[in-house]
Amino acid sequence: MISPVLPSYARIPLSFEAGEGSWLIERDGTRYLDMGAGIAVTALGHAHPRLVEALETQARKLWHTSNLYEVPNQTRLAEMLVEATFADTVFFTNSGTEAMECAVKTARRYFHVKGQPERKRMITFSGSFHGRTLAMVSAAKGAKLVDGFGPLLDGFDQVPFGDHDALHAAITDQTAAIILEPVVGEGGIKPVPEQCLKGLRKLCDERGMLLILDEVQSGMGRTGKLFAHEWAGIAPDIMAVAKGIGGGFPLGACLATEEAACGMTAGTHGSTYGGNPLACAIGATVLETILEDGFLDQVSRTAGRLRQGLEGLVAAHGDVFEAVRGEGLMLGLVCKAPNMDVIHACHDQHLLSVPAAENVVRLLPPLTISNDEIDQALARLDRAAAVVSANLKSDGQDV
Ligand SMILES: *Cc1c(COP(=O)(O)O)cnc(C)c1O
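Source: prediction; values computed, not measured.

Bringing the overall build of the chain into the picture now. Of the regular secondary structure elements, the chain holds 12 helices and 17 strands. Its C-alpha atoms give the chain a radius of gyration of 21 Å, near enough to 21 Å, the size a compact globule of 399 residues would have. Projected onto the principal axes, the alpha-carbon positions of the chain cover approximately 70 × 55 × 50 Å. Scored against the burial criterion, the 399 residues of the chain give a buried share of 51%. Considering only contacts in the chain between residues 6 or more positions apart, those separated by 24 or more positions represent 72%. When the accessible surface of the chain is totalled, it reaches about 17900 Å², and 54% of it is carbon and sulfur. Taking the 34 positively charged and 48 negatively charged side chains of the chain as two groups, their mean positions are separated by 2 Å.

S95, G96, T97, F129, H130, G131, E181, D214, V216, Q217 and K243 make up every residue found near the ligand. Between a nitrogen atom of the ligand and a side-chain N or O atom of D214, the distance comes to 2.7 Å. Residue K243 places a side-chain N or O atom 2.6 Å away from an oxygen atom belonging to the ligand. Burial of the ligand by the protein amounts to 82% of the accessible area it has alone, namely 390 Å². Partitioned by chemical class, the residues of the shell around the ligand number two nonpolar, six polar and three charged.

So, about the side chain of N276. Note that N276 resides in the loop between β12 (252-256) and α9 (277-291). Among the polar contacts listed, one links the side chain of N276 to the backbone oxygen of W63, at a separation of 3.4 Å.

We now examine the packing of aromatic side chains. As enumerated under the stated definition, the model contains two aromatic pairs in all. For the pair Y110 and F111, a centre-to-centre distance of 4.9 Å together with 90 degrees between the ring planes defines the contact as edge-to-face. The residues Y110 and F111 share a single accessibility class, namely buried. Against the face of F161 rests K190, its NZ or CZ located 4.5 Å from the ring centre. A cation over a ring is seen here: K225 above W231, with NZ or CZ 4.8 Å from the ring centre.

Counting across every chain of the model gives zero disulfides. Free of any disulfide, C262 has its nearest cysteine sulfur in C102, 13 Å distant. Look at C262 and you get partly exposed, because its relative accessible area is 32%. We note that C335 lacks a disulfide partner, and the nearest cysteine sulfur, in C346, lies 8.7 Å from it. On the basis of relative accessibility, which here comes to 5%, the residue C335 falls in the buried class.

Let's shift gears to the environment of L77. Tracing the backbone shows L77 in helix α3 (residues 72-84). Through-space distance from the C-alpha of L77 to that of L213 is 20 Å; in sequence the pair is 136 residues apart. Non-local contacts of L77, meaning those with residues more than four positions away in its chain, are made with F92, L251, C280, G283, A284 and L287.

To continue, consider the packing of α3 against α9. Put simply, α3 and α9 touch, their axes get as near as 8 Å, and they point 30 degrees apart. By the angle between their axes, α3 is roughly parallel relative to α9. Both α3 and α9 take part in a crossing whose hand is left-handed. Of the residues in α9, those in contact with N73, Q74, R76, L77, M80, L81 and A84 of α3 are P277, C280, A281, G283, A284, L287, E288 and L291.

Before going further, it helps to spend a moment on the pairing of β12. Taking burial as the measure, the five residues of β12 include five buried ones, the bulk of the element. Taken together, the four bridges between strand β11 (residues 238-241) and β12 define a ladder with antiparallel strand orientation. Its bridge partner lying in β12, I238 is registered against A256.

Here we come to a nonpolar patch on the surface. Together, L134, F149, L152 and L153 make up a nonpolar patch on the protein surface, roughly 370 Å² of accessible area in all. Note that L153 resides in the loop between α6 (143-146) and β6 (156-159). Judged by relative accessible area, L153 falls into the partly exposed class, the value being 40%.

Let us now look at unusual backbone geometry. Of the consecutive residues G150 and P151, the connecting peptide bond is found in the cis state with omega at 0 degrees. By the secondary structure assignment, P151 is in the loop between α6 and β6. For A37, which is not glycine, the phi dihedral falls at a positive 50 degrees. Locating A37 in the fold gives a position in helix α1 (residues 37-40).

It is worth spelling out the packing of helix α2 (residues 49-61) against α9 at this point. Contact geometry for α2 and α9: axes closest at 9 Å, N-to-C directions at 155 degrees. Judged on the interaxial angle alone, α9 and α2 are roughly antiparallel. Considering how the two elements wind past one another, α2 and α9 form a crossing that is right-handed. Contacts between α2 and α9 involve R50, L51, A54, L55, Q58 and A59 on the former and, on the latter, P277, L278, A281, I282, T285, V286, E288 and T289. The residue inventory of the contact of α2 with α9, partitioned by class, reads nine nonpolar, three polar and two charged.

Reading the values: the criteria
- Residues numbered from 1 in each chain as written.
- Predicted model: local features only at pLDDT ≥ 70, side-chain atom pairs only at ≥ 80, totals over all residues.
- Heavy atoms only, no water.
- Helix = DSSP H or I, 4+ residues; strand = E, 2+ residues; numbered from the N terminus.
- Rg over C-alpha atoms; globule rule 2.2 N^0.38 Å.
- Buried < 20%, exposed > 50% of the residue type's maximum accessible area, 1.4 Å probe, protein only.
- Contact = heavy atoms within 4.5 Å.
- Areas by Shrake-Rupley, 256 points an atom, 1.4 Å probe, with all protein chains shown as cover.
- Lys, Arg positive; Asp, Glu negative; His and termini not counted.
- Charge placed at Lys NZ, Arg CZ, Asp CG, Glu CD.
- Near = heavy atom within 4 Å.
- Polar contact = N/O pair within 3.5 Å; in protein donor to acceptor, adjacent residues only side chain to side chain.
- Nonpolar A, V, L, I, M, F, W, Y, C, P; charged D, E, K, R; others polar.
- Phe/Tyr/Trp six-rings, centres within 6.5 Å; stacked < 30°, edge-to-face > 60°.
- Lys NZ or Arg CZ within 6 Å of the ring centre and 35° of its normal.
- Disulfide = S-S within 2.5 Å.
- Axes fitted to C-alpha atoms, helices over the stretch in contact; angles between N-to-C directions.
- Parallel < 35°, antiparallel > 145°, perpendicular 65-115°, else oblique.
- Left-handed = near helix turned anticlockwise from the far one by under 90°.
- Pairing = 2+ DSSP bridges.
- Patch = residues over 30% accessible without salt bridge, like charges linked within 9 Å, V, L, I, M, F, W, Y side chains within 5 Å.
- Salt bridge = Lys/Arg side-chain N within 4 Å of Asp/Glu carboxyl O.

Written as structure tokens, this is what we have:
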């Protein structure tokens, strides 16, 4: 018999009743160190006092009005994002995939109003992830995303990740935009080299294409800058944001320059919930906190400590781990042992992490994680790796 909840997830048999900072707590009081942060969502940890305060205060005033009216909290958050980024304007959504939908619609409208209606196609990269709507699975094209869901949407031309020749060959006079994650997340925590991001920006400028960045996972301070593309000193024309922006409250945003957004006039796009007073009160508090003096520097220092420790684990457990990669607190342990074996061994040590493609274990802790908690995470990973290593050896003897 089918479960009351659609069985579309392969869930781990753990459940939590409460959260405190970097910790998730089971009903019996068992505490797990949360190095996954709900897939890079709880950027300020669980039950951050400022977020609880913002939520409670707004909850007593006003939750929702729809976008039929002015929403002052939304205006305020948009102004803060415009002030802090390349963007001139923001559309709010409830999720990352909706932010990407808005990005693609914005780019298509741009060429429509510019009198180039034939320019509608977009180039994407293999191994990317942009969410689960039909358009976004058509864009990312991963086998697991699209199997059985065709016919897919036309208009997305995919090239292998990192293949410059294929990219150049795929550009035609119908190409409107290039879409990519500056640090590939689900696809295995792969930072796109700064030189490539610079090259893509230049290519888009030369060919009159728009650059769309998906910073749903890499944004909101995750890499030690507010957005990952800042490391390369470039800016996109359009960018999707979500995950960390609501600190656990569902919120996403599509940011754009005035030029790129020129087609998005009244009546062209909308959302019932998107950017409601409650969501934006929380989003503004998250952003305020991340933009405070020293916050992002602290993220980089914490990230350095974690990375150095992980390099040590790779050196110590060469049979289990192969390498560390990523940027800031978006780190991946490339495994030699099956990544799920490592993740399950970590559960036994009461440490939570997230799998990614290419046999990677993702570490995406709250940006507020302390040095002591980083050290505890490393000690738990060390013990988990020792168990995995011992199992590998005894399996070897069985053969
Ligand atoms: C998670 C993610 C999405 C999808 O976000 P949802 O909120 O699940 O719709 C899109 N792009 C990237 C890079 C992501 O990591």
